[in-house]
Amino acid sequence: METIVGKQKHFVHESSYVDENVQIGEGTKIWHFSHVQSGAKIGKNCSIGQNVNIGNNVIIGNNVKIQNNVSIYEGVILEDYVFCGPSMVFTNILNPRSEYPQRGSEFYKKTLIKRGASLGANSTIICGNMIGKCAFIGAGAVITKDIPDYALVVGNPAKIIGWMCACGKKLSLSDDRDSDEAAKCDKCGRNYEKKGLKVKEV
Ligand SMILES: [Zn+2]
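Residues numbered from 1 in each chain as written. Predicted model: local features only at pLDDT ≥ 70, side-chain atom pairs only at ≥ 80, totals over all residues. Heavy atoms only, no water.

A. Geometry of the coordination of the zinc ion. Protein-derived ligands of the zinc ion are Cys165 (SG), Cys167 (SG), Cys185 (SG) and Cys188 (SG), with the metal-ligand distances lying across 2.2 to 2.3 Å. In this structure, the zinc ion is surrounded by four donor atoms whose angles at the metal cover 101 to 116 degrees, and the resulting shape is tetrahedral. On the primary sequence, the residues serving as donors to the zinc ion are separated as C-x1-C-x17-C-x2-C. Linking cysteine 165 in the loop between strand S23 (159-163) and strand S24 (180-184) with cysteine 188 in the loop between S24 and strand S25 (191-195), this pair joins segments that are 23 residues apart in sequence. (Donors = N, O, S within 2.8 Å, 3.2 Å for Na, K, Ca; no water. Tetrahedral: all angles 85-135°; square planar, octahedral: opposite > 155°, others 65-115°. Helix = DSSP H or I, 4+ residues; strand = E, 2+ residues; numbered from the N terminus.)

Following this line, the structure appears as structure tokens:
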């Protein structure tokens, strides 16, 4: 089914459900067996794979890619160009109990994924944490704290093992918490400065 809402044009496969009061930007495609819940806002040119759930009031920027089998729960914000690998996991309650349910936005922790970050296949982002700009979360990693911009992290609990260029190439910067260093991406030529655990493009 192709729908035109005002001037916007997007695609929703006939096997998917989009609830009332949802915004979907032009050029966005929603593939098989997915569900977009009420109040969700999805930007332009996103690709939303098979068996994806987008919860109430979730905010998704432009050019975001969500691979198969991902649930984006209320409280999660994805900025532009975020990549969610297949079967990666978000949460939105820190200490769930079946017998003592916590439902409603006052219980949901905010999880912010900044522009250009990649979340690897089967990784888990514990709610209430922030993933920095262009950070790279390795497959299967478990995130238990905020991750700085451009950091490459792996493992459970995830640890910084290096730094990634915006273009996806590993930078020649160390994981030393205290060093000041500089590096140039040998793929795209961007320059970076590292001060402690802060990396920025210069
Ligand atoms: Zn680069």
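Back to the text.
B. Spatial organisation of the pattern of salt bridges. Tallied over the full model, the rule gives three salt bridges. A salt bridge links arginine 190 to glutamate 201, with the nearest nitrogen and oxygen atoms 3.7 Å apart. Here arginine 190 is found in the loop between S24 and S25, whereas its partner glutamate 201 is found in strand S26 (residues 198-201), with 11 residues between them in sequence. A residue is classified by how much of its surface remains accessible, and glutamate 201, at 40% relative accessible area, is partly exposed. In this structure, glutamate 193 and lysine 195 form a salt bridge, with 3.5 Å as the shortest nitrogen-oxygen distance. For lysine 195, a relative accessible area of 51% gives the class exposed. (Salt bridge = Lys/Arg side-chain N within 4 Å of Asp/Glu carboxyl O. Buried < 20%, exposed > 50% of the residue type's maximum accessible area, 1.4 Å probe, protein only.)

C. Molecular detail of the environment of tyrosine 81. Tracing the sequence through the fold places tyrosine 81 in the loop between strand S13 (76-78) and strand S14 (83-84). Measuring from C-alpha to C-alpha, the distance between tyrosine 81 and threonine 124 comes to 19 Å, with 43 residues separating the pair along the chain. The residues contacting tyrosine 81, other than those within four sequence positions of it, are Asn62, Asn63, Val64, Arg115, Gly116 and Ala117. Among the polar contacts listed, one links the side chain of tyrosine 81 to the side chain of asparagine 63, at a separation of 3.5 Å. (Contact = heavy atoms within 4.5 Å. Polar contact = N/O pair within 3.5 Å; in protein donor to acceptor, adjacent residues only side chain to side chain.)

D. Focus on the nonpolar core. Membership of the largest hydrophobic core comes to 46 residues, with the highest contact counts inside it found for Ile54, Ile66, Ile72, Leu78, Phe90 and Ile131. Among the elements of the structure, S13 and strand S22 (151-154) are those that each provide at least two residues to this core. With residues near it in sequence (within four places) discarded, isoleucine 72 still touches Asn53, Ile54, Gly55, Val58, Ile66, Leu78, Cys84 and Phe90. (Core = buried A, V, L, I, M, F, W, Y, C linked by side-chain atoms within 4.5 Å.)

E. Examining the sheet that holds strand S19 (residues 130-131) more closely. Read across the sheet, six strands follow the order S4-S7-S10-S13-S16-S19 without closing on themselves; strand pairing throughout is parallel. Only two strands of the sheet have a single neighbouring strand rather than two, namely strand S4 (23-24) and S19. In the sheet, strand S16 (residues 111-113) pairs with S19 via two bridges, with the strands oriented parallel. In the strand pairing of S19, isoleucine 113 is matched with isoleucine 131. (Pairing = 2+ DSSP bridges.)

F. Layout of the pairing of S24. The sheet contact formed by S24 and S25 spans five bridges and is antiparallel. When the sheet's bridge partners are listed, aspartate 180 is paired in S25 with lysine 195. Connecting S24 to the antiparallel partner S25 that follows it, the hairpin turn spans six residues, and glycine 189 within it adopts a positive phi of roughly 85 degrees.

G. Molecular detail of the packing of aromatic side chains. Applying the stated criterion to the full structure yields two aromatic pairs. Ring geometry for phenylalanine 11 versus tryptophan 31: centroids 4.9 Å apart, planes at 50 degrees, classification tilted. Placement of the pair is phenylalanine 11 in strand S2 (residues 8-12) and tryptophan 31 in the loop between strand S5 (29-30) and strand S6 (35-36), with a sequence separation of 20 residues. Taking 5.0 Å as the distance between ring centres and 70 degrees as the angle between the ring planes, the aromatic pair formed by tyrosine 150 and tyrosine 192 counts as edge-to-face. (Phe/Tyr/Trp six-rings, centres within 6.5 Å; stacked < 30°, edge-to-face > 60°.)

H. Structural context of the environment of glycine 104. With respect to the element layout, glycine 104 can be found in the loop between strand S15 (89-90) and S16. What makes glycine 104 partly exposed here is its relative accessible area of 22%. Expressed as a C-alpha distance, the spacing of glycine 104 and cysteine 84, which sit 20 residues apart in the sequence, is 25 Å.

I. Here's a closer look at the layout of surface pockets. Estimated volume of the largest pocket: approximately 370 Å³. What lines the largest pocket is a set of 16 residues, and nearest its centre among them are Asn92, Ile93, Gln102, Arg103 and Tyr108. Tallied by class, residues from the lining of the largest pocket come to six nonpolar, seven polar and three charged. (1 Å grid on protein atoms, 1.4 Å probe; cavity = no way out; pocket = protein on both sides within 12 Å on 5 of 7 lines; lining within 4 Å. Points joined across faces, edges and corners; volume = space filled by probe spheres on them. Nonpolar A, V, L, I, M, F, W, Y, C, P; charged D, E, K, R; others polar.)

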